[in-house]
Amino acid sequence: MNIHEKYVNRCIQLAKNGLGTTSPNPMVGSVVVHDGVIIGEGWHRKAGEPHAEVHAINAVKDRSLLEKATIYVSLEPCSHHGKTPPCSDLIIRSGIRNVVIGIIDPFDAVAGRGIKKLMEAGCNVTVGVLEEECRELNKRFFTFHNKRRPYIILKWAESTDRYISPEKREHRAPVWISNRYSRQLVHRWRSEEQAVLVGTETALQDNPALNTRDWYGNSPVRIVLDRNLRLPGEMALFDNSVKTIVLTGQEKRQKKNTFFETIGFGKDLAGEICSVLYGHNIQSLIVEGGRQTLQAFIDADIWDEARVFQGNVMLNGGTPAPLLKGTVAGEYGIAGDRLIYVKPEKH
């Protein structure tokens, strides 16, 4: 790892502190280095608040060092006025002449303009350091802007014999296949993503709240498929605690914090869902089931990763787990459960 990679790697580490709080902005980290020593560092903490470069520059105690310093940033500094002033202007105004950037910002309002502004001001700019790592850091942001859809995470729990629910239920409540530690992890994931989706049958059978009650953090936007508006209004999904989007084949007006979006429920169901969520500026989505909904995304090849729990139970029948082809990217044990990460096969 060369010297530039060392400091961009530190930027990536810092940026990860913003997971779940910066959307719709990307996660960004920045460090200011003088004579081989970090003299200031920071990360973007929340949308609407100062960007990473602002925190890093403001952390420098001796401002006279800035002219001979290098600023490292994991993503191209912005060049436009949004909720905050342009970071490229701040870098120029601070007298910093050396700028190292991990990767170019795909957002149309930036997309190379920040780099151009810095170079026109006489800065020495290096671009493309740990580029793949920087892209992975903001995989949600890049997917949203490049593919015009959310980053899709498929999630389900299956029994040892690969069923996701039993054949019969006595009560309208979840049947737990994974253990409580795995379920807590799911709540952490919800706090890190913008939205979570379930289908009609899952909503009817489980009456899920889809919140983060077992983890500290914001609850995601709730998405539910309800083609014929069968779901009763007293369900947990409709408690108005967070924004809820109902995707339906019927016409219905918004009420309180619940939004109704009409889609066709055709062969391109996954694509229709993604179009609606793109319009709501949702950059990441956890699809939590059931099987028919999960399979719709798999069959359409519209997914970016799958997280599959295998519980230490046998159901001996019921609803089969989705059929998924992909590459196992990791496998972990969680107090008797197995968690398997799967990535799509490269085309």
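Refer to the preceding data block for the structure.
None of these values were measured; they are calculated from a predicted model. (Residues numbered from 1 in each chain as written. Predicted model: local features only at pLDDT ≥ 70, side-chain atom pairs only at ≥ 80, totals over all residues. Heavy atoms only, no water.)

(A) Quick look at the nonpolar core. Val-8, Val-32, Ile-57 and Tyr-72 are the most contacted members of the largest nonpolar core, which totals 37 residues. If you tally residues by element for this core, the top one is helix 1 (residues 3–15), at 6 residues. When near neighbours in sequence (up to four residues on either side) are disregarded, Tyr-72 contacts Ile-3, His-4, Tyr-7, Val-8, Cys-11, Gly-29, Ser-30, Val-31, Val-33 and Val-100. Core analysis: the next-biggest nonpolar cluster, separate from the first, contains 33 residues, Ile-152, Ala-195, Leu-269 and Leu-294 among them. (Core = buried A, V, L, I, M, F, W, Y, C linked by side-chain atoms within 4.5 Å. Buried < 20%, exposed > 50% of the residue type's maximum accessible area, 1.4 Å probe, protein only. Helix = DSSP H or I, 4+ residues; strand = E, 2+ residues; numbered from the N terminus. Contact = heavy atoms within 4.5 Å.)

(B) The arrangement of the packing of aromatic side chains in detail. Tallied over the entire structure, the rule returns 6 aromatic pairs. Ring geometry for Tyr-7 versus Tyr-72: centroids 5.1 Å apart, planes at 45°, classification tilted. Taken together, the residues Tyr-7 in helix 1 and Tyr-72 in strand 3 (residues 70–75) connect sequence positions 65 residues apart. In this structure, Tyr-7 and Tyr-72 share a single accessibility class: buried. On the numbers, 6.4 Å between centres and 70° between planes, the contact of Trp-189 with Tyr-341 is edge-to-face. Placement of the pair is Trp-189 in helix 7 (residues 180–192) and Tyr-341 in strand 16 (residues 337–343), with a sequence separation of 152 residues. We classify Tyr-341 as partly exposed; its relative accessible area is 21%. Through a chain of ring-to-ring contacts, three or more aromatic side chains come together here, namely Trp-189, Phe-309, Tyr-332 and Tyr-341. (Phe/Tyr/Trp six-rings, centres within 6.5 Å; stacked < 30°, edge-to-face > 60°.)

(C) Structural detail: unusual backbone geometry. Put simply, Ser-23 and Pro-24 share a cis peptide bond, and its omega is 5°. Tracing the backbone through its elements, the reader meets Pro-24 in the loop between helix 1 and strand 1 (29–34). Residues other than glycine seldom take positive phi values, yet Arg-162 does so here, at roughly 65°. Residue position: Arg-162 is located in the loop between strand 6 (151–158) and strand 7 (163–165). Although it is not a glycine, Asn-240 sits at a positive phi angle of roughly 65°. By the secondary structure assignment, Asn-240 is in the loop between strand 9 (221–225) and strand 10 (244–248). By relative accessible area, Asn-240 is classed as partly exposed at 29%.

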